[in-house]
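What the coordinates show
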Amino acid sequence: MTEPMPERKPKTETLATSSKKVGEKPRIGVFVCHCGVNIAEVVDVKELTEYVKTLPDVVYAKEVRYACATLGQDKIGKSIKEHNLNRVVVAACSPRLYESTFRKTCAEAGLNPYFFEMANIREFSSWCHTNTPKEATEKAKEIVKIAVAKARLLQPLKEIEVPVTNKALVIGGGIAGINSALDLADMGFKVYLLEKTESIGGHMAQLDKTFPTLDCSICIEGPKMVDVGRHPNIGIISYADLVSVSGFVGNFKVKIRKNPRYVISENCTGCGECKEVCPIEYPNEWDINMGVRKAISVPFEQSVPLLYTINMDHCIECYKCVDACDARQAINFDQKPEEIELTVGAIIVAVGFESYLPYADRLYGYGKYDNVITAMEFERLILAAGPTGGRVIRASDGEKPHSVVFVQCVGSRDVGKYEYCSGFCCMYTLKHTVMLKEKYKDDIQIYVIYTDLRSDFKGYEEFYNRAKKAGVHFIRTTLENRSITEDPKTKNLLVHAETEGGQPVEIEAEMVVLANAAVSVHDAAELAEILNIPIGANGFFVECQPKIRPTETDTPGIFLAGACQGLKDIPYSVSQGSGAAAQAAAVLSKPTWIIEPVVARVNEDLCSGCGVCESVCGYDAVRIEKTDGKELAKVTEGLCRGCGICGATCPAGAITMPLYTEAQVIAQVRAVLEKVK
Amino acid sequence: MPMKIQKTESDNQLVVERIHHAKSYRLTVDRALCAGCELCSLICPRESITVNKQQKKEGQKIQRPVIDVDEEKCQYCGICATICPHGAVQVTIDGENIASVVEKESFPQLIREITADTTKCPTDCTECEEACPLDLIKVTLNPTTKEVAVDIKEEQCPCCGVCEIKCPEGAINVRRIFTGKLEINQEKCPSGCRDCLDVCPITGALYFSEEDGKVHANELFCTYCGVCKIVCPEEGALELSRSTVRHTPVRSGAWNKALEKLTSTAEMTKELRGKGRKRTMDAVQKLLEPRKK
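Attention in this report is confined to the structure presented alongside it.

Thresholds, definitions, all that
- In every chain, residue numbers begin from 1 and rise along the written sequence.
- Chain letters start at A and ligand numbers start at 1, both assigned in the order the entries are written.
- It should be noted that, the model being predicted, local features are given only for residues of pLDDT at least 70 and side-chain atom pairs only at 80 or more, the latter also being counted only at that level, while totals for whole chains, interfaces and linings use all residues.
- Values shown for side chains rest on all heavy atoms present in the structure; no hydrogens or waters enter the calculation.
- Counting from the N terminus, the helices are the DSSP runs of H or I reaching at least four residues and the strands are the DSSP runs of E reaching at least two.
- The classification of residues rests on relative accessible area computed with a 1.4 Å probe and restricted to protein chains. Under 20% of the type maximum is buried, over 50% is exposed, and intermediate values are partly exposed.
- Here, residues are in contact when the closest pair of their heavy atoms is within 4.5 Å.
- Surface accessibility in these figures is a Shrake-Rupley result with a 1.4 Å probe; residues are shielded only by whichever protein chains are displayed.
- When charges are counted, Lys and Arg are positive and Asp and Glu negative, with His and the chain ends excluded.
- Charge positions come from single atoms, namely NZ of Lys, CZ of Arg, CG of Asp or CD of Glu.
- Exposure above 30% relative accessible area and the absence of a salt bridge qualify a residue for a patch, where like charges join within 9 Å and nonpolar side chains (Val, Leu, Ile, Met, Phe, Trp, Tyr) within 5 Å.
- Salt bridge criterion: a side-chain nitrogen from Lys or Arg within 4 Å of a carboxyl oxygen from Asp or Glu.
- Between N-to-C directions, angles cover 0 to 180 degrees, with each direction set by a line fitted to C-alpha atoms, over the stretch in contact for helices.
- What sets the label is the angle itself: under 35 degrees gives roughly parallel, over 145 gives roughly antiparallel, 65 to 115 gives roughly perpendicular, and the rest give oblique.
- Whether a crossing is left-handed or right-handed is set by the direction in which the near helix is turned from the far one by less than a right angle, anticlockwise for left-handed and clockwise for right-handed.
- Residues are sorted three ways: Asp, Glu, Lys and Arg are charged, Ala, Val, Leu, Ile, Met, Phe, Trp, Tyr, Cys and Pro are nonpolar, and all the rest, Gly among them, are polar.
- In what follows, a disulfide is any cysteine sulfur pair within 2.5 Å.
- Buried area is a sum: the accessible area each of two parts loses on coming together, probed at 1.4 Å, counted once for each and added.
- Residues adjacent in sequence count toward polar contacts only when both atoms are side-chain atoms; beyond that, a polar contact is any pair of N or O atoms within 3.5 Å, and within protein one must be able to donate a hydrogen and the other to accept it.
- Regarding the arc, it is the one traced by the directions from the helix axis to the C-beta atoms.
- The criterion for strand pairing is that DSSP finds at least two bridges linking the strands in question.
- For our purposes a nonpolar core is just a set of buried Ala, Val, Leu, Ile, Met, Phe, Trp, Tyr and Cys residues, chained together by side-chain atoms within 4.5 Å.
- Pairing of aromatic side chains here covers Phe, Tyr and the six-membered ring of Trp, requires ring centres within 6.5 Å, and sorts the geometry by plane angle: under 30 degrees stacked, over 60 edge-to-face, intermediate tilted.
- In our convention, an over-ring charge means Lys NZ or Arg CZ found within 6 Å of a ring centre and within 35 degrees of that ring's normal.

**Description of the overall build of chain A**
- Within chain A one finds 18 helices and 34 strands.
- Oriented by its inertia axes, the alpha-carbon framework of chain A measures out at about 90 × 70 × 65 Å.
- Counting the 677 residues in chain A, one finds 55% classified as buried.
- For chain A, restricting intrachain contacts to residue pairs at least 6 apart in sequence, the fraction spanning at least 24 positions comes to 70%.
- Here chain A has roughly 30800 Å² of accessible surface; of this, 52% comes from carbon and sulfur atoms.
- Here chain A carries 77 positive and 87 negative side-chain charges, and the mean point of each set is 7 Å from the other.

**Structural notes on the overall build of chain B**
- On a plain count of helices and strands, chain B comes out with 9 helices and 15 strands.
- With the principal axes as the frame, chain B shows a C-alpha extent of 65 × 55 × 50 Å.
- Counted over contacts in chain B with a minimum sequence separation of 6, partners at least 24 positions apart contribute 59%.
- Summed over its atoms, the accessible surface of chain B is roughly 15400 Å², and 47% of this surface lies on carbon and sulfur atoms.
- Here chain B contributes 42 positively and 44 negatively charged side chains, and the mean placements of these two sets differ by 8 Å.

**Let's talk about the environment of Asn97 of chain B**
Residue and element names in this part refer to chain B.
- Note on placement: Asn97 falls in strand 7 (residues 96–97).
- Residue class for Asn97 comes out exposed when judged on its relative accessible area of 53%.
- The sequence separation of Asn97 and Gly78 amounts to 19 residues, and the corresponding C-alpha distance is 9.6 Å.
- When near neighbours in sequence (up to four residues on either side) are disregarded, Asn97 contacts Gln90, Val91 and Thr92.

**Focus: a nonpolar patch on the surface**
- A surface patch of nonpolar side chains, about 470 Å² in accessible area, is lined by Tyr660, Val665, Val669, Val672 and Leu673 of chain A.
- Position of Val669 of chain A among the secondary structure elements: in helix 18 (residues 662–673).

**Describing the packing of helix 12 (residues 425–440) of chain A against helix 13 (residues 460–469) of chain A**
Residue and element names in this part refer to chain A.
- As a packed pair, helix 12 and helix 13 sit with axes 9 Å apart at the nearest point and diverge in direction by 40°. Judged by the inter-axis angle, helix 12 sits oblique to helix 13. Handedness of the crossing formed by helix 12 with helix 13: left-handed. Across from Met427, Leu430, Lys431, Thr433, Val434 and Glu438 in helix 12, the residues of helix 13 making contact are Tyr460, Phe463, Tyr464, Arg466 and Ala467.
- Among the residues making up the contact of helix 12 with helix 13, the classes are represented as 7 nonpolar, 1 polar and 3 charged.

**Side note on the state of the cysteines**
Residue and element names in this part refer to chain B.
- Applying the stated criterion to the full structure yields 1 disulfide over all chains.
- In this structure Cys160 is not part of a disulfide, and its nearest cysteine sulfur, from Cys163, lies 6.2 Å away.
- We note that Cys225 lacks a disulfide partner, and the nearest cysteine sulfur, in Cys37, lies 4.8 Å from it.

**A word on the packing of helix 3 (residues 70–82) of chain A against helix 4 (residues 95–108) of chain A**
Residue and element names in this part refer to chain A.
- At a minimum axis distance of 9 Å, the contact between helix 3 and helix 4 shows a crossing angle of 40°. Judged on the interaxial angle alone, helix 4 and helix 3 are oblique. Of the two possible hands of crossing, helix 3 and helix 4 adopt the one that is right-handed. Mapping the contact onto sequence places Gln73, Ile76, Gly77 and Ile80 in helix 3 and Thr101, Phe102, Thr105 and Cys106 in helix 4.

**Thoughts on the interface of chain A and chain B**
- The interface is formed by 36 residues belonging to chain A together with 25 residues belonging to chain B.
- Summed over both sides, the interface of chain A with chain B buries roughly 2400 Å², with 53% coming from carbon and sulfur.
- Viewed at the interface, chain B and chain A are joined by 4 salt bridges.
- In this structure, the salt-bridge partner of Arg251 of chain B is Asp323 of chain A, at a minimum N-O distance of 3.5 Å.
- In this structure, the connection of chain A to chain B is made through 18 residue pairs in polar contact (both at pLDDT 80 or more).
- Of all the secondary structure elements, the ones that give two or more residues to the side of chain A that touches chain B are helix 9 (273–277), strand 13 (281–283), strand 14 (292–294), helix 10 (320–325), strand 20 (372–374) and helix 11 (375–382) of chain A.
- With 3 residues, the top contributor of residues to the side of chain A that touches chain B is strand 13 of chain A.

**Description of helix 14 (residues 524–531) of chain A**
All names here are of chain A.
- Here helix 14 has its buried residues at Ala524, Leu527, Ala528, Ile530 and Leu531. The buried residues of helix 14 occupy one face: seen down the axis, they fall within an arc of 165°. Exposed residues on helix 14 whose side chains face more than 90 degrees from its buried face are Ala525, Glu526 and Glu529.
- The elements touched by buried residues of helix 14 are strand 6 (167–171), strand 11 (240–248), strand 18 (346–349), strand 28 (518–520) and strand 29 (558–560).

**Regarding the sheet that holds strand 18 of chain A**
Residue and element names in this part refer to chain A.
- Pairing in this open sheet of 5 strands is parallel, and the strands run 10-7-6-18-29 from one edge to the other. One side of each edge strand has no neighbouring strand; the edge strands of this open sheet are strand 10 (234–237) and strand 29. Sheet twist, expressed as the average angle between the axes of neighbouring strands with direction ignored, equals 20°.
- Bridge count between strand 18 and strand 29: 3 bridges; the pairing is parallel. Bridged to Val349 within strand 29 is Leu560.
- Here helix 15 (residues 570–588) sits on the sheet and contacts strand 6, strand 18 and strand 29; the angle it forms with strand 29, its principal contact strand, is near 165°.

**Quick look at the nonpolar core**
- With 98 residues, the main nonpolar core has Ile296, Ile310 and Ile331 of chain A together with Leu27, Leu206 and Trp255 of chain B as its most contacted residues.
- For this core, the leading source of residues is helix 8 (residues 253–262) of chain B, giving 5 residues.
- Ignoring anything within four residues of it in the chain, the contact list for Ile331 of chain A reads Tyr262, Val263, Cys274, Ile296, Ile310, Cys321, Val322 and Cys325 of chain A.
- Counting residues in each nonpolar core, the second largest holds 53 residues, with Ile178, Val304, Ala350 and Ala585 of chain A among its members.

**Concerning the sheet that holds strand 26 (residues 504–509) of chain A**
All names here are of chain A.
- With respect to topology, 3 strands assemble into an open sheet ordered 24-25-26, the strand pairing being antiparallel. At either margin of the open sheet sits one strand with a lone partner, and together these are strand 24 (483–486) and strand 26. Strand after strand, the sheet turns through a mean of 20° between neighbouring axes, direction not considered.
- Sheet topology note: the strand 25 (residues 493–498)/strand 26 ladder contains 6 bridges and is antiparallel. If you follow Leu493 over to strand 26, its bridge partner there is Ala509.

**Brief notes about the packing of aromatic side chains**
- Applying the stated criterion across every chain yields a total of 19 aromatic pairs over all chains.
- Aromatic side chains Trp286 of chain A and Phe300 of chain A sit 4.3 Å apart centroid to centroid with 5° between the ring planes, which places their arrangement in the stacked category. Linking Trp286 of chain A in the loop between strand 13 and strand 14 with Phe300 of chain A in the loop between strand 15 (296–297) and strand 16 (309–310), this pair joins segments that are 14 residues apart in sequence. Each member of the pair, Trp286 of chain A as well as Phe300 of chain A, is classed as buried.
- Seen from their ring centres, Tyr418 of chain A and Tyr420 of chain A are 5.9 Å apart, and the 50° between their planes marks the pair as tilted.
- Assessed through its relative accessible area of 24%, Tyr418 of chain A is described here as partly exposed.
- Residue Tyr420 of chain A is classed as buried on the basis of its relative accessible area, which comes to 16%.
- Cluster of aromatic residues (ring-pair linked, three or more members): Phe211, Phe457, Tyr460 and Tyr572 of chain A.
- Lys150 of chain A extends its terminal NZ or CZ atom over the ring of Tyr660 of chain A, reaching a point 4.2 Å from the ring centre.
- Just above the ring of Tyr25 of chain B sits the side chain of Arg18 of chain B; from NZ or CZ to the centre is 4.5 Å.

This is the structure:
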């Protein structure tokens, strides 16, 4: 028999009981954390604690080794009761890390969680003044004094509950988005999977094989794509763009524009007869424009949904497809873009990445020399379903090359371009070399020009050994001084590089494959703006915390998965897709979601309805509405992010921010200006 | 190799290309053959062809208009190659001469019906060869059999019918591709101007009258290509309209649209109605067939 889990019921504080404490004289307890040595090694914690005891209304002050540890928290809880504390200050680290933990500690001890204030003496003092402990201690005293000044005026607050719509939106139908959608759908939530292109599948569907097992990529992704297509809980919205997102966690209102396919989805059977009669061929982006597709077609055979699309940029309107479609009547040349609105409780962003095309990087001759191609172009060449039927041939003469040089880090690890490592290039290059060797044996010589070869996950190093055993030549050179020139007669290429010792390297090759950098999607900034999530300097979306909250964004209810958060290969995109799904489920599975009560409050007696607040609010949270014949500012609590701009601009001082009231802020300013005794 | 879209131009050729790693598309305009007429630009479904009128230089004859193809817009469908009466446009896919619209039956081909009954030819006559304004006819005599052969480059022939008229034996029969109307409004036609005449590819379709110092039309030879109208400096001085186009049977939206642009909405509707009637007749006949048995 298993032991039942001990029930730990937090005593929830009611406003009624706390309001009693508002009238009471403040009894402040201050806990000074050592943070091991993080704080204590620089700041004189003992001196600080003694100082704190001298502050008015502080009835208790104590040092704690680790305030965040169970022991530390128990101590805080016990002290609240023993000393009848009605305000708590913890002088420790950043509130971003532990504020919510300490609030819970207060609540468990029967105190309203908003009777808590945090003083950051680690980031603001010990960490940045390691060489001047005396001054650091003085600064820490001031920081704590300010916190105490505010704590004295804290008011009890009640958390706000909002209803949750138990549906999710997943943006991007690549392997990460597919996994998020499937996981959520399997948990029983309705999922909308928004895909920009005609089919889900993403980059993985473009690949021939996957490393290190050399599994056929579409063979392992295809079944998942089919599952998505068939899942009763998933609605694929493909060939569509995200227009706008408003609302808040649990209640996002999403506008989507479905682009016209000029094919009626309900009637299209995917038979492909229209494609057979279409006279027009246009560059197939799916094949990196190395091959072509018909003006009415699907990008690839396994497309999900299997729905044909007419590309009106190329169609000559001969209507042959209409004749071929015949009684099915699936073609409609008058289709218009359609805007739809959805309400979802959570959003997962999984928009993936794009490839940098090194046209501008003249040293490599891409776009200039016919036989210089990118890795993805190579992938489409060697793929049996690709434009050459799997024949690796040179563009210049249609012949199979007898020597191929793979050049690593083109655009990546380049301070002038993309400083970061694209992460998966080393491994896909190994894959390409092994595939070529296995296909053409000794009929092909393969060289890899690399600077550092990264093969640091399960089975990857073994795969590197496999490539070495297969006879691939690995040549370590520096990242600088690499260039490619062409012999105009033979169209062969000369690859020039230099070893770390300064020895020149020169290899003649019949084909060169560039491991070009992977970059963020071109519309990442636009998406970030729509979703109101931060974007990093290199264009990837910024997670809440890089180590422990990699799937969350700063916007509650919006999660990240896959390469749009940072480049990663398939297994990690899959895991992150599932991880984001689990986090979204944590929102969707609740009937209501609790949001912090730090939202603007309007004093209706002071408000003149001037509307300045409405014009400055970046979240559509404040609006002027007519109530009882009077125009007044109204706050939608769910939308308000507590930034305080409305409060700062209100000419009548009618808007206050709980936890940042005017009285509290002025008290803090006064505390700063006072001399530390 | 990344896709390349390029245009190369020389005095006698315009080439636009779309080259993929494993497939290439090319459109070539032979400037020597091109009359600078408007037909291709009128019916290009992607509006990628423009006709540029040339500036007339002092004391010189006006030059033929020059066509230009937008390499970004061209889809290599081959409609222009199909319609060109002079065979000046060629579309190739991987080096092969292919008009995909014809192959997929989404556009018709012009019907050039030229017959030469060489049995009527005297062994010493080369009238037709000399008469052809485009040098497309070659008459040869087999010295042993004494048989005359008349070779006509049909694919470049606009079917003007000059040879038919000039043949003293009535051996040649030419059916026109286009029918229509060409009228010169003599009141508006500027005296002494011969621009239309200078660009007309068919000798004799327009002629200059010394009497009134104006150009007159001879519709007997006109192919209704329309280059005269492009260069005419006086609005309304030259009126040209087409009414029918002889083409292989086709049912296609692209053709209907092309026909409307080449002729007029009324003429297009007429052809559509005719096709509709034929279809109805075919359908009725199909229904009746089993009863016959």
